[in-house]
Amino acid sequence: MPLIFPMKRYPLATVLAVAGCSSAPKYVPPPASALPATITNYSNLVLWKFTGVKSPEVLSACQARVVMIDGAVVPNATRVSVSPGEWRISLFCQGIDYSYRAPGDGTLRQPAKGYSQKYDVVFPALANFNVEPFWENGMCRARLVDDTGRVLPMKDVLVPLAD
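Every value quoted in this text rests on a predicted model; they were computed, and no experiment measured them.

1. What about the overall build of the chain?
For the chain, the helix and strand inventory stands at one helix and 13 strands. Helices and strands in the chain line up, N terminus first, as α-β-β-β-β-β-β-β-β-β-β-β-β-β. When the 163 residues of the chain are sorted by exposure, 37% land in the buried category. Put simply, 65% of the contacts in the chain that link residues at least 6 apart link residues at least 24 apart. Summed over its atoms, the accessible surface of the chain is roughly 10,200 Å², and 62% of this surface lies on carbon and sulfur atoms.

Structural data, given as structure tokens:
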């Protein structure tokens with residue numbers, strides 16, 4: 001049976017489809033009385049124009065967002081609240097080739113590339129953070145930056161390889 005869309009070609013759609021059908025619990029934001037921190041996801045759509053953080057290649061980061069908090073799936077929202085304290089979060093970053101190709105140009109567009117990373121993070125109360133994509137060793141990565149431009153310390157969580 002043919003697939004509706006090739007998963008390798010559309011990693012973002014694949015992640016969202018899998019997250020939507022996942023048996024993982026859905027993330028429940030804390031009440032305002034918990035003095036939560038706020039995380040704003042990155043979007044590259046500015047005034048109806050696609051922009052993005054350019055890579056050394058032709059790819060641009062088109063999206064960077066929180067996808068999981070402590071194993072719970074975060075809805076695809078612009079902002080996410082999280083209670084103060086230590087959490088394990090998963091950030092997702094995707095790069096897409098937005099370069100213009102003239103009609104008859106034989107060069108192919110680069111395939112989209114998506115990356116997910118897990119971090120242990122300590123969130124302070126009432127802080128505001130933005131998910132910011134950046135490129136490192138040819139990979140689109142994401143970090144959390146506060147309103148003053150400081151990067152929130154995050155500890156990489158290494159996922160063991162399956163046998």
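2. Overview of the pairing of strand E11 (residues 128-136)
Judged from the three bridges that link them, strand E1 (residues 37-40) and E11 form a sheet pairing that is parallel. Among the inter-strand pairings, threonine 40 is bridged to a residue of E11, identified as asparagine 130. Pairing of E11 with strand E12 (residues 139-146) involves eight bridges; the strand directions are antiparallel. Its bridge partner being in E12, phenylalanine 134 is matched across the sheet by arginine 141. The antiparallel hairpin formed by E11 and E12 contains two residues in its connecting segment, where asparagine 137 sits at a positive phi of about 50°.

3. Describing the sheet that holds E11
Read from one edge of the open sheet, four strands run E8-E1-E11-E12, paired in mixed fashion. Looking at strand neighbours, the two that pair on one side only are strand E8 (79-82) and E12, the edges of this open sheet. Averaged over all adjacent pairs, the angle separating strand axes in this sheet is 30°, with direction ignored.

Rules used in this analysis
- Residues numbered from 1 in each chain as written.
- Predicted model: local features only at pLDDT ≥ 70, side-chain atom pairs only at ≥ 80, totals over all residues.
- Heavy atoms only, no water.
- Helix = DSSP H or I, 4+ residues; strand = E, 2+ residues; numbered from the N terminus.
- Buried < 20%, exposed > 50% of the residue type's maximum accessible area, 1.4 Å probe, protein only.
- Contact = heavy atoms within 4.5 Å.
- Areas by Shrake-Rupley, 256 points an atom, 1.4 Å probe, with all protein chains shown as cover.
- Pairing = 2+ DSSP bridges.
- Axes fitted to C-alpha atoms, helices over the stretch in contact; angles between N-to-C directions.

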